[in-house]
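Summary of the model geometry
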Amino acid sequence: MPDVSTLPVWIAALGWLVAAVALAGWRRGTAAARQWRERFEAQQGRDPLTGLANRAAFLERAEHEVNRSQRAGHALSVLLVDIDGMRQLNSRYGHRGGDLALLHVIDACRRAVRDFDVIGRFSGQEVALLLPDTVREGALRVVERIHEQVAASPVALSDGRSFTVQVTAGVAELISEVEDAEDLLLLADGSLRRNRQRRAAQAQPPAG
């Protein structure tokens, strides 16, 4: 005959076991739902974190805009905006901090452009912008507004900490030598790399 005095212990243990099984099932269900949503968003051409056009959808739109601008003889510029020190941000504030930094930069980009300009998530830490009917000088003014918006407020974490974000941008304008969207984006990427190297050189202390 079982010891009646141990029944409360067994009941409590059974309760904890049921709760643990339920929690594990909930976690599996949540992970599966997240994976399904991410696959669905990708099929729709959207990035699941930001809701922006993903890389494939942005490239498709960019190719359309390049063809349209070439046929009509209209101006077109593209920007690539890259978050500085993203690896360090992820290391210090976790991937949630990195996600918030990206969302902060995207919000700054939205505030800096027109309703019909196109924004996409080009890579993990890179945002691409298509600026129809915009020459290089106009695109550079957009870059200035993005820098101002990014610097206007810090990124706030739920634990009370906050941090500031800096970005580097590359600019390219559609010119006669550009054959397609890939060429235009390669020009913007080269501009971004040169600007990053220039900033790194300026940050170096003078020799001697």
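What comes next concerns the included structure. (Residues numbered from 1 in each chain as written. Predicted model: local features only at pLDDT ≥ 70, side-chain atom pairs only at ≥ 80, totals over all residues. Heavy atoms only, no water.)

The relation between two aromatic rings is expressed through the spacing of the ring centres and the mutual angle of the planes. According to the stated counting rule, one finds two aromatic pairs in the structure shown. Ring geometry for F58 against F122: centres 6.2 Å apart, planes inclined by 75 degrees, an arrangement best described as edge-to-face. Residue F58 is found in helix α2 (residues 55-72), and its partner F122 is found in the loop between β2 (118-121) and β3 (126-132); the two are separated by 64 residues along the sequence. Overall, the relative accessible area of 1% leaves F58 in the buried class. Pairing Y93 with F163 gives two aromatic rings, centres 4.3 Å apart and planes at 20 degrees, and the pair type is stacked. Residue Y93 is found in helix α3 (residues 86-112), and its partner F163 is found in strand β5 (residues 162-163); the two are separated by 70 residues along the sequence. Classification of Y93 as buried rests on a relative accessible area of 14%. In this arrangement the basic side chain of R55 is found over the ring face of F122, its NZ or CZ atom lying 4.0 Å from the centre. (Phe/Tyr/Trp six-rings, centres within 6.5 Å; stacked < 30°, edge-to-face > 60°. Helix = DSSP H or I, 4+ residues; strand = E, 2+ residues; numbered from the N terminus. Buried < 20%, exposed > 50% of the residue type's maximum accessible area, 1.4 Å probe, protein only. Lys NZ or Arg CZ within 6 Å of the ring centre and 35° of its normal.)

The next point concerns the pattern of salt bridges. In total, this model carries ten salt bridges according to the counting rule given. D47 serves as the salt-bridge partner of R121, at 3.2 Å between the closest nitrogen and oxygen. With R121 in strand β2 and D47 in the loop between α1 (7-43) and α2, this pair connects stretches of sequence that are 74 residues apart. Each member of the pair, R121 together with D47, is buried. (Salt bridge = Lys/Arg side-chain N within 4 Å of Asp/Glu carboxyl O.)

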